[in-house]
Each structure stands twice: as C-alpha cells, then as structure tokens.
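For reference, the chains in residue letters:
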Amino acid sequence: MEWFIATNIRTIVIALCGLIVIFALRKKSAALQHFLALSVLSGIIATTFIPITTVFQWSVPVLDTLASGQPANINLELPPTTAKPVSANVSEGISKPAAAKTVLSYSLNWRVLLQGIWVAGCLLCLVRWCILWCRTKLIVRRASDITGELCLERLEKSAHIKLLVSNEVSSPCMFGWLDPVVILPYRYKDWSEQQLAAAIEHELSHIERRDYLWWNTAMIASAIHWHNPLVWLLRRKLGRDQERACDDRVIAAGFDATEYAQVLLSMVQGYRNSTSPKSQFVMMARSGKLNQRIRSVLDPQVDRSVVGQQRICITLLVTFLLVLACGSIVLTAQDSTIRKTQLEKKLRIIMIPQLEFNKIPLKDAIAHLEKESAEVDPSVSNRGVKMIIRDASEKQLKAPITLHLANVPLSEALRYTTSLAAMDFEVQSTGVVVAPAKPKAAKPVAQSQKKFPPIVKKLVNIRIPRISFSNVPLDEAIEFLRSSSVDFDPADTDKGVTFIIGAEVSEGSPSPITLNLTDVALHNAVRYITAQAGVGFTIKDNAVIIVPPKSKPVSPAEAQGGIPAVQARLDRIEFPRVEFINTPITEAIEMLREKSVEFDTASPPGKKGVNIVVQGLPEGEKEPRVSGKFFVVSLGRTLKYIAQSTGMEVVIQPDGVVLRPSE
C-alpha cells in the first residue's frame, strides 16, 4: 500500500509539472510538444518500476512518540480458571480452538479493497489492449498486398515497408514497429494522385517517427495509472501532437496546404461514417480535433520544426531531474517511516539477558543500554539502537538508577530506566531520543469509571489452543507464552504481551515445567506455569513480571495447634501438579506426605508438612489404586479425592490425618 501511495504522489507531481511545461511551450512545434508528453509518460513509468535513490535527501519528519512512564501495580482478581487438563495420550502439537468457542468478526479492509480495485483496473486495460492487438493482427493478415502496384517516388525510398489494402479500415493507417505496414482503404482508388501521395507521406512519417512504439508506451502508462486523469490527459495530448507532427512533415515535403486540408476533411468524414471495429492502428483520421488540425495546416506562422538533438538532450535531462527530485521527496518520507518501524521492532526483539544498575547515573545507564543492544542484537547488519539524551538538566543526567532485571526486552528496559529519572523516550527514524517527561494533568476518575489497562484484556482474551511441556525450564516456558500471545492475539495492532523474569527468580533456580493444557486463557496459563515453577507473577500496566513466590502467612487457627491447625495446613499447602496412574494408595499417601513438607513454605524448619496415615486396609485383598491428574490443587482436596475414589474417609486429628474405610 505504501508503494501504491508513493507512486501516485510521484505521478501527480511529474504529470502536473509536465503539463505546465507543455502549456508554456504551446506555441512551439507539435513535434516538440509530442516529445515532451512522451518524456513525461516515460518518466511516470520509470518511477513506477525503477527504485530511485539519491545522494541527497529532503527529510520529511515522521514521528510517533511512544508514551512511557512508571508502571503501576494493578490489584486484579482474575476469574477462576476454565482450562481443562488433558490426558497424557493426547497427540503433541498445536490444535485449533473448538469452532463453538471461536468468535468471528468481520471488518472491511480498505487497503486490500483499494489494491484489488487498482489491480482489476490494470488487468482490464491490459486485456482490452490484447484484444485490440489481436483484432488488428487479423485485419493485417486478411489485407491484400499492393506494394508493387503503386508507382510513387516516396514508396521507392521506403522499399522495405509493405503497402496493404483492406475493406476493414476506413482511413489510411499504419501498424507495427519492427516490420511496419501501411494499410489503405479500398476507396483509395477514388482519390487523386495528390491525395494518395499525401496520405502515404503522412503514414510513412508515423513509421519514421516510431509513433506506434510511443503510442503503446502511452497506453502502458494509462493502463497502470488508469485511475489518474492527468495520465489520460497526457496520452490524449500525445495522440493529437503525433498527428499534427506528421501533418507538419507533409507540408514540409512540399504538398499544398489547402489541398492537404481537403484530404484531411474527406478522410475524417469517411472515418466518422465508418462502422469499422476498433483496432490498434495509428490512423490518419482518428486522433486530434479536426478544426485544430486544419487550422494548424493552413496557418503559415505555425512552427513546423523537428526536434533537434540539443532539445532532446535538454528535455531528457530536465525530465530525469524532475523524476529524481520527485522520487527523492516521496522515498525519503517513506524511508523515514520504514526506519522508524524497524527501530520499534528492534526494541521489542532485542532481549537484554541481565540488567543490574546500582545507583548508576542516567547518562551511563543509557550508554550501557546502547552498547548492550549492539552486542545482543540478532540482526546481521546495522546492529544495535542509537540513543540520544536531549534537553536534560545536569541533575537529571546524574540521577541514580537502581534496577535489577533479567531477560527483558530493550523497550521495557528503556521504559524502566527513563521512568526512574523522570524522563521519557520516543522512537525516531534516526534512533531513540530520551528527553524530560512532560507533566500530564491528572483527571479525577470515578471509581466506577476506572478501566483496566489493555494488558489485562489481552490476558483474558488471548486463548492458547495447546500447551505441552515436559521438564521445560521456566525461561523457555515464558518465551513460549510470549510468542504464542503474539500468534493468537485477536487484536489487529500491538499484538502480544510482554513478559519479564526478575533477576531474583533466575537466581532461585525455579522448578522445571511439565504441563498439558488445551484451549486455555493466557492468564490461566501464567497461573499454572508460575505455580508449578514455585514462583509468582505481578501484572503491570505494560508487562507481566515473574517474581519470587510470596509465602502464605500462618493463620491464627494454625498457630493455636490441634485440629484447626491441621485443617489450616490442608487448605494452605498447594501442589502445582499431582498425577496418579494406577498408583497403590500407600504409595500415593507416602508421596503426598513428602510433597507436603516440600511445599509448606510458611512453617518453620522441622515442623513442615502434615502427617498422613492409612488404616484399616483389608488383609489378603488387593490394595486400592488411584488414578487422576490435578493442577494447582490443595492437599486437602487431593486427600478428599483419594478417599472418595477408594471408598475411604478422611479423619482429621490433632497431630495429623487418618484415612480409613468408610463405615
């Protein structure tokens, strides 16, 4: 779409400049005006297909300031999970969401529609051109060859040109470039020798001037820019001037102007009364207004000079400079937009593995980010992002920055760094500019009118069709969520969610992730992964931060001891994932006893976990077995499920839990 808009801007500027020059030289010869129109149309075709680069640029500022600021904590109660665990035998891979849950939205893409209309118009013009060419070729094949029947001195000088006669044409015409032919209508026998000689002289002038080639060049330009009336105006002007230029050649060859005007009048009248089909012939009587052509033929003051080499060189040079200048203006503006878009993309894809600032001045922090961006940039060429600090005071330049981040995109690193110094940054075509933040007037908002940031909507609306992890490190699992959030984000722009893993989490060696989920919302996927890794997460206004886990405080009931304390521990201790596959009940209880010690983060050492005892299993009978899979489940709910599936009951005692057969 950008190419289409840029090309049309160039075409309009070049066409307007060309028409102004042609109007200023309207008193000059028709040959010169024809050459000017041809040069402008050729320049339009050149700017359409040939990329133009110049050593100079006329900069056009294209700036889109990115807002930045201090991220604020969000107290958000997300809805309970609706994801369903799937069994381990589900085939690996990504599956599409169920059709019943798919939300279809229809919108009209004007960019695609306009491009489709333009392409359809181009194809229609080209198809029409091909039909006319085929029709003309058939007429030429059916015409009779009379090359040796007419004895004219002008024909003897052009012996390589065929002379044909056909009843399907109503006016003298020519066709072809490499092997040109001149076709006369059957009524040429009724013309006088002077009229016939003038008509043949006119058509041979077309051949010598290569008007068939130039006319098809104009047709190509009008087919590409069929929607631009200026191009059609230039094409019409070229057709008129090529006929007038050939008329001037006939007069310059010694034919009487009055007799030639009568020839034109009779041939044009015959052409208008004819029912011949349209073709691609360059006809003597087709182009140009009759009154203007006759007036030009009869006026002895008209300039009938041909275009000399000096004029050709000057015209080509001026056209080249015009095309070059127009292309430079548009391409510079377009190139600025492209560079700005590429920089914005770099800020998102460059990941800073480790960022530790301890009271470092702002200018040193920005310099470090610029250097780090060049080192970790995955690009092959033009690595890194240039950063410039503008309009900052000495106090702001020396503002101490203390920051600890890991695996963070460069955009977020910049956002946090600048916000700590009350600065802001914007992306320009030449780099990132850091400047003092502009104060924003606070607007009171009623509590009922407060809205969650867009990231909250993304966490709820983005659904991932399939998640399958087997002992995957936390950083790989988070990277999968980041890329999946971009792939499955229904938004048209600003796709995906930014995830940041805190440095404390990386140093704490989180547990590997083993998980199988289908059709899960993004916020629930984050819950499952962080719970299984033994970490937490915080939602900011521009990113999801993975943070160390927060231990649940010991409740007053648990502090008092006894049965309330055991019940409180059963509710407080949570397992990120529990799976039993035909497991004997004694082994299942032993595993839960060990896990309760591991995941009890609030109790002091030596007093962690819950004692669990199995009593009353019948002797001599097969031991009950347990099967099931759970995610983010408490110890109490797990014991309750085991008891229900094996016909037993859970009895809470002051010093632990007893599982025994139901009475």
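These numbers were taken from a predicted model, which means no experiment stands behind them. (Residues numbered from 1 in each chain as written. Predicted model: local features only at pLDDT ≥ 70, side-chain atom pairs only at ≥ 80, totals over all residues. Heavy atoms only, no water.)

*Asks:* Hey, could you go over the overall build of the chain for me, with residue numbers and the actual values?
*Replies:* Within the chain, the regular secondary structure consists of 21 helices and 21 strands. In the chain, buried positions account for 45% of the 663 residues. Once local pairs closer than 6 in sequence are excluded, the contacts in the chain between residues at least 24 apart make up 73%. (Helix = DSSP H or I, 4+ residues; strand = E, 2+ residues; numbered from the N terminus. Buried < 20%, exposed > 50% of the residue type's maximum accessible area, 1.4 Å probe, protein only. Contact = heavy atoms within 4.5 Å.)

*Asks:* Before we move on, can you summarise unusual backbone geometry with the specific residues and values?
*Replies:* Its identity as a non-glycine residue notwithstanding, Asp 391 has a phi of 55°, on the positive side. Relative to the elements of secondary structure, Asp 391 occurs in the loop between strand 8 (387–389) and helix 12 (394–397). Its relative accessible area of 69% is what places Asp 391 among the exposed residues. We note that Asn 471 has phi near 55°; this positive angle belongs to a residue other than glycine. Examined against the element boundaries, Asn 471 turns out to sit in strand 12 (residues 463–472). With a relative accessible area of 54%, Asn 471 lands in the exposed category.

*Asks:* Help me get a handle on the confidence of the model for the chain, residues and values and all.
*Replies:* The predicted structure's coordinates, where accompanied by low pLDDT, should not be read in detail. Taken as a whole, the chain shows an average pLDDT of 77; of its residues, 79% reach a score of 70 or greater. Confidence drops under pLDDT 50 across residues 53–107; counting only partners more than four residues distant or on other chains, this segment forms 102 contacts. (pLDDT = per-residue confidence, 0-100.)

*Asks:* Hey, could you go over the environment of Thr 530 for me, with residue numbers and the actual values?
*Replies:* Position of Thr 530 among the secondary structure elements: in helix 17 (residues 522–533). A sequence separation of 56 residues divides Thr 530 from Leu 474, and the C-alpha atoms of the two residues are 8.2 Å apart. Each residue touching Thr 530, except ones within four places of it in the same chain, is listed here: Val 535, Gly 536, Phe 537 and Ile 546. A polar contact of 2.7 Å, which involves the side chain of Thr 530, links it to the backbone oxygen of Val 526. (Polar contact = N/O pair within 3.5 Å; in protein donor to acceptor, adjacent residues only side chain to side chain.)

*Asks:* How would you explain the pattern of salt bridges if you had to name every residue and give the values?
*Replies:* Counted by the stated rule, this structure contains 19 salt bridges. Ionic pairing is found between Glu 208 and Arg 249, a salt bridge with its closest N-O pair at 2.9 Å. Of this pair, Glu 208 sits in helix 5 (residues 193–208) while Arg 249 sits in helix 7 (residues 229–252), placing them 41 residues apart in sequence. By relative accessible area, which is 29% here, Arg 249 ends up partly exposed. Among the ionic pairs, Arg 482 bridges to Glu 479, the shortest N-O distance being 2.1 Å. Linking Arg 482 with Glu 479, this pair stays in helix 15 (residues 474–487), spanning three residues, or about one helical turn. Under the relative-accessibility criterion, Arg 482 is labelled buried at 13%. Of the residues examined, Glu 479 reaches a relative accessible area of 38% and is grouped as partly exposed. Bridged by salt links that share partners, the residues Lys 237, Asp 241 and Arg 244 form one connected network. (Salt bridge = Lys/Arg side-chain N within 4 Å of Asp/Glu carboxyl O.)

*Asks:* Break down the sheet that holds strand 11 (residues 431–436) for me, citing the residues and quoting the values.
*Replies:* Picture the strands of a sheet paired through backbone hydrogen bonds; they go either parallel or antiparallel. One open sheet holds the three strands; their spatial order is 8-11-10, and the pairing between them is mixed. Strands at the two margins of the open sheet, each flanked by one partner only, are strand 8 and strand 10 (423–428). In this sheet, adjacent strand axes meet at a mean angle of 25° when their direction is disregarded. Bridging between strand 8 and strand 11 involves three bridges; their strand directions are parallel. Paired with Ile 388 across the strands is Val 433, a residue of strand 11. Contacting strand 8, strand 10 and strand 11, helix 11 (residues 362–376) crosses the sheet at an angle of about 165° to strand 8. Relative to the sheet, helix 13 (residues 410–420) contacts strand 8, strand 10 and strand 11, its axis offset from that of strand 10 by approximately 145°. (Pairing = 2+ DSSP bridges. Axes fitted to C-alpha atoms, helices over the stretch in contact; angles between N-to-C directions.)

*Asks:* Which residues make up the sheet that holds strand 18 (residues 612–614), and what values do they have?
*Replies:* The mixed open sheet is built from three strands, whose spatial order is 18-21-20. Two strands bound the open sheet, and with one partner strand each, they are strand 18 and strand 20 (648–653). The sheet shows a mean angle of 25° between the axes of neighbouring strands, taken without regard to direction. Bridge analysis of strand 18 against strand 21 (residues 656–661) gives three bridges, and the strand direction is parallel. Counted as the bridge partner of Val 614 is Leu 659 from strand 21. Contacting strand 20 and strand 21, helix 19 (residues 563–572) crosses the sheet at an angle of about 125° to strand 20. With respect to the sheet, helix 21 (residues 635–646) is in contact with strand 18, strand 20 and strand 21, its orientation differing from that of strand 20 by roughly 145°.

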